[in-house]
Amino acid sequence: MASAHGAHRILVASNRGPVSYSLDETGELTPRRGGGGLVSGLSAIGPDAGALWVCSALGDGDREAVRRGVGEDGVRMLDIDADVHADAYNGIANSVLWFVHHLLYQTPLEPVFDAEFRRQWASYETYNRAFAEALADEAAEGAAVLVQDYHLTLVPGMLRELRPDLRIGHFSHTPWAPVDYFRMLPDDIAEQVLRGMLGADRLGFLTRRWADAFTACADALVGGLGGTRVGVHGLGADADFLRARAHQADVGERMAALREQIGRGPDGERRRTVVRVDRTELSKNIVRGLLSFRQLLDDEPAWRERVVHVAFAYPSRQDLAVYRDYTAEVQRLADEINSRYGTPGWTPVVLHVKDDFARSLAAYRLADVALVNPVRDGMNLVAKEVPVVSDEGCVLVLSREAGAYEELGEDALTVNPYDVIGTARALHEALTMPAGERAERTKRLAAAATALPPAQWFLDQLHALEAPTAG
Ligand code: F6P
């Protein structure tokens, strides 16, 4: 019997897709392919598997590409109304759900769940419904659908109603909030989020801690998980790709340029480096990182002229005022440290804000210390990437609130991300660690960081979804 269903046996759904388009003044569209765990994960099943990636058009270029019918095989971009998307993405996903899971609210004044919130929530529902309908339309009988992240929490429940035959998974790339924090959401909204996700057969999380937090919320607010299974898949770094990419010529050129900027200390020796690479993201704790570096210069003045904080803070979510303000504060504090401590031959903080992957890899290779101090983070792949490409070994100063702590905590120097003095102390300890110990730790960190490469991470989830009862 001919099926009215679509043809795809494996589907992935996420807000941001694997490709985006820019539109120039002449009307020409230029595609740009993105990276990340999902992109390399999906490549593991090969082009013949007939997989489909459903994503949202994000900017004018993407919308124009959809309208002109330009696209890539295996990708379906949804042209959701721009205002609906802005409400769902900026208003709900990034200003509410992201804040809840990363504990980012300044609670005396926020959140305020008012009529404006309700209006934006209706857009979030519309946006989730657009995904659910597209997936229902494209999926073959019994297909596997892997829904990604906090943007799409309602999709599993909606899709289950439309297509009970499908096997539905949902994966959270963020932390999950503790019960007391999660229930700041209005009761009906908290319940809707949980029930939406519990429409899936299986939920995936990056660490046991986030999986347990979800289960605790489900137990407290909706009477448990029902038939939904929960699993943990700790996405690792892609060692082969990173090592090959980090040894291309453009990375070498950037290392030379960075070394020039970092310079040499009073005795002519190479200055030490404390490196960080992040999106300028509220949860990454870049400001306290700078405060900790300043504290180090106060507490251990011998480091003056001898160490440089290389901070790459790339633009993110600039539609939101709070992100723009945070970006400005990072710049202001870096300038303040440089004018207060800097000397004619020494710039204590080398801050770069223009995204440049080759330069990030260059910094990874030459870093003496990597500072990864988020207030809360689903995983943090920088913590996993640095040890893999480091040339001579690098000490990892790692927040205990990063998901990566679960796998890397033993060989990192761990910090409470709010404790600026403790972080300064950890930086000093890292900078003075003997080379042998540093190299040994780096080796073990690299092994732990690559335990679950993206391809295996993706296949494990697919197999677990296909197995009706296991995991
Ligand atoms: O889960 C967090 C996440 O969605 C990541 O997958 C991604 O790296 C990051 O946030 C960036 O988000 P955005 O798409 O908003 O730039």
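Predicted model, so just to flag it, every value in this text is computed and none were measured.

Caption draft 1: View of the pattern of salt bridges. For the structure on display, the rule yields 35 salt bridges. The partner of Arg-438 in a salt bridge is Asp-368, with the nearest N and O atoms 3.1 Å apart. Taken together, the residues Arg-438 in helix 17 (residues 435-449) and Asp-368 in the loop between helix 13 (357-366) and strand 13 (369-372) connect sequence positions 70 residues apart. In this structure Arg-438 comes out as buried when scored by relative accessible area, which is 7%. When the shortest N-O distance is used, the salt bridge between Arg-444 and Asp-411 registers 2.8 Å. With Arg-444 in helix 17 and Asp-411 in the loop between helix 15 (405-408) and strand 15 (413-415), this residue pair connects regions lying 33 residues apart in the sequence. Its relative accessible area of 42% is what places Arg-444 among the partly exposed residues. Shared partners join several salt bridges into a network, and the residues in it are Arg-294, Glu-329, Arg-332 and Glu-336.

Caption draft 2: Main features of the packing of aromatic side chains. Scanning the entire structure with this criterion turns up 13 aromatic pairs. With a centroid separation of 6.3 Å and an interplanar angle of 85°, the aromatic rings of Trp-176 and Phe-205 are classed as edge-to-face. Of this pair, Trp-176 sits in the loop between strand 7 (167-171) and helix 6 (179-182) while Phe-205 is found in strand 8 (residues 202-205), placing the two residues 29 residues apart along the sequence. Judged on exposure class, the residue Trp-176 and its partner Phe-205 are both buried. One aromatic cluster is present, built from ring pairs that chain together Phe-113, Phe-117, Trp-121 and Tyr-124. In this arrangement the basic side chain of Arg-317 is found over the ring face of Trp-98, its NZ or CZ atom lying 4.1 Å from the centre. Positioned above the aromatic ring of Phe-312, the side-chain terminus of Arg-359 is 4.8 Å from the ring centre.

Caption draft 3: Structural view of the side chain of Asp-377. Following the sequence through the fold, Asp-377 ends up in the loop between strand 13 and helix 14 (381-389). The exposure class assigned to Asp-377 is buried, which follows from its relative accessible area of 8%. In contact with Asp-377, not counting residues within four places along its chain, are His-102, Pro-175, Trp-210, Lys-284, Glu-401, Ala-402 and Gly-403.

Caption draft 4: Focus on the site of the ligand. As a structural note, the neighbourhood of the ligand is formed by Arg-16, Tyr-89, Trp-98, Asp-149, His-151, His-173, Thr-174, Arg-279 and Arg-317. Residue Arg-16 places a side-chain N or O atom 2.8 Å away from an oxygen atom belonging to the ligand. One of the side-chain N or O atoms of Asp-149 is found 2.7 Å from an oxygen atom in the ligand. Considered on its own, the ligand offers 390 Å² of accessible surface; in the complex 70% of this is hidden by protein. In the shell around the ligand, the residues fall into 2 nonpolar, 3 polar and 4 charged.

Caption draft 5: Summary view of the sheet that holds strand 14 (residues 395-399). Taken together, 6 strands build an open sheet; the order of strands is 12-11-10-13-14-15 and the sheet is parallel. Since the sheet does not close on itself, it has two edges, and those belong to strand 12 (349-352) and strand 15, each with one partner. On average, adjacent strands in this sheet sit at an angle of 20° to one another, irrespective of strand direction. Across 2 bridges, strand 10 (residues 272-279) lies against strand 13 in parallel orientation. When the bridges of strand 13 are listed, Val-275 appears paired with Ala-370. On top of the sheet, helix 13 reaches strand 10, strand 11 (307-314) and strand 12; it is set at about 150° to strand 11, its chief contact.

Caption draft 6: View of helix 7 (residues 187-197). Among the residues of helix 7, those classed as buried are Ile-189, Ala-190, Val-193, Leu-194, Gly-196 and Met-197. All buried residues of helix 7 project into a common sector of 160° when viewed along the axis, lining one side.

Caption draft 7: Quick peek at the sheet that holds strand 4 (residues 52-56). Spatially, 5-4-1-6-7-8-9 is the arrangement adopted by the 7 strands of the open sheet, whose pairing is parallel. Strand pairing shows two members of the sheet lacking a second neighbour, strand 5 (75-78) and strand 9 (229-232), which therefore form its edges. Pairwise comparison of adjacent strand axes, ignoring direction, gives a mean angle of 20° for this sheet. In this sheet, strand 5 lies alongside strand 4 in parallel orientation, the contact comprising 4 bridges. Paired with Trp-53 across the two strands is Val-75, which belongs to strand 5. Helix 4 (residues 115-138) contacts strand 1 (8-13), strand 4, strand 5 and strand 6 (139-148) of the sheet and is inclined by roughly 160° relative to strand 4.

Caption draft 8: Fine view of the nonpolar core. If you look at the biggest cluster of nonpolar residues, it comprises 163 residues, and the most contacted ones within it are Trp-176 and Phe-182. Aside from chain neighbours lying at most four places away, what touches Phe-182 is Val-100, His-101, Trp-176, Ala-177, Ala-190, Val-193, Leu-194, Cys-217 and Leu-221.

Caption draft 9: Geometry of the environment of Tyr-405. With respect to the element layout, Tyr-405 can be found in helix 15. Assessed through its relative accessible area of 35%, Tyr-405 is described here as partly exposed. Excluding residues that lie within four positions of it along the chain, Tyr-405 makes contacts with Leu-398, Ser-399, Arg-400 and Thr-414.

Caption draft 10: Inspection of helix 18 (residues 454-466) at higher detail. When the terminal C-alpha atoms of helix 18 are compared, their 19 Å separation across 13 residues agrees well with the 18 Å that a helix rising 1.5 Å per residue should span. Those residues of helix 18 not exposed but buried are Pro-454, Trp-457, Phe-458, Leu-459, Gln-461, Leu-462, Ala-464 and Leu-465. For helix 18, the elements touching its buried residues are strand 1, helix 1 (37-43), strand 6, strand 7, strand 8 and strand 9.

Caption draft 11: Representation of unusual backbone geometry in the model. Residue Glu-110 is joined to Pro-111 through a cis peptide bond whose omega torsion reads 5°. Structurally, Pro-111 is set in the loop between helix 3 (82-102) and helix 4. The backbone phi angle of Leu-103 is positive, close to 55°, even though this residue is not glycine. Its location among the elements puts Leu-103 in the loop between helix 3 and helix 4. Residue Leu-103 is classed as partly exposed on the basis of its relative accessible area of 29%. Its identity as a non-glycine residue notwithstanding, Arg-317 has a phi of 50°, on the positive side. With respect to the helices and strands, Arg-317 occurs in the loop between strand 11 and helix 12 (321-341). A residue is classified by how much of its surface remains accessible, and Arg-317, at 15% relative accessible area, is buried.

The rules behind these values
The written sequence of each chain sets the order in which its residues are numbered from 1. Where local features are concerned, this predicted model is filtered to residues with pLDDT of at least 70; where side-chain atom pairs are given and counted, the filter is 80 or more; whole-chain, interface and lining totals use all residues. Based on all heavy atoms of the structure, the side-chain values leave hydrogens and waters out of the count. In what follows, salt bridge is the name for a side-chain nitrogen of Lys or Arg lying within 4 Å of a carboxyl oxygen of Asp or Glu. Helical segments are the DSSP runs of H or I of at least four residues, strand segments are the runs of E of at least two, and each set is numbered from the N terminus. Think of it in three bands: residues with accessible area under 20% of the maximum for their type are buried, residues over 50% are exposed, and the middle band is partly exposed, with areas taken using a 1.4 Å probe on protein chains only. Stacked, tilted and edge-to-face are the three classes applied to pairs of Phe, Tyr and Trp rings, where Trp contributes its six-membered ring and a pair requires centres within 6.5 Å; stacked means planes under 30 degrees apart, edge-to-face means over 60, and tilted covers the rest. Two conditions define a charge sitting above a ring: the NZ of Lys or the CZ of Arg must be within 6 Å of the ring centre, and it must be within 35 degrees of the ring normal. Any two residues whose heavy atoms approach within 4.5 Å at even a single point are treated as in contact. Any residue with a non-hydrogen atom lying within 4 Å of a molecule or strand is treated as near it. N or O atoms closer than or at 3.5 Å make up a polar contact, with two conditions inside protein: a donor-capable atom paired with an acceptor-capable one, and, for residues adjacent in sequence, both atoms drawn from side chains. Accessible surface area values rest on a Shrake-Rupley calculation with a 1.4 Å probe, where residue burial reflects the displayed protein chains alone. Any residue outside Ala, Val, Leu, Ile, Met, Phe, Trp, Tyr, Cys, Pro, Asp, Glu, Lys and Arg is labelled polar, Gly included; the first ten of those are nonpolar and the last four are charged. Strand pairing is assigned whenever DSSP identifies at least 2 bridges connecting the two strands. To define axes, lines are fitted to C-alpha atoms, for helices over the stretch in contact only, and angles between the resulting N-to-C directions are given on a 0 to 180 degree scale. The directions considered for the arc are those from the helix axis to the C-beta atoms. Residues grouped as a nonpolar core are buried Ala, Val, Leu, Ile, Met, Phe, Trp, Tyr and Cys residues, joined through side-chain atoms within 4.5 Å. How far a helix is expected to stretch is found by multiplying one less than its residue total by 1.5 Å.

Everything listed here is a matter of coordinates, which is why it stays silent on function.
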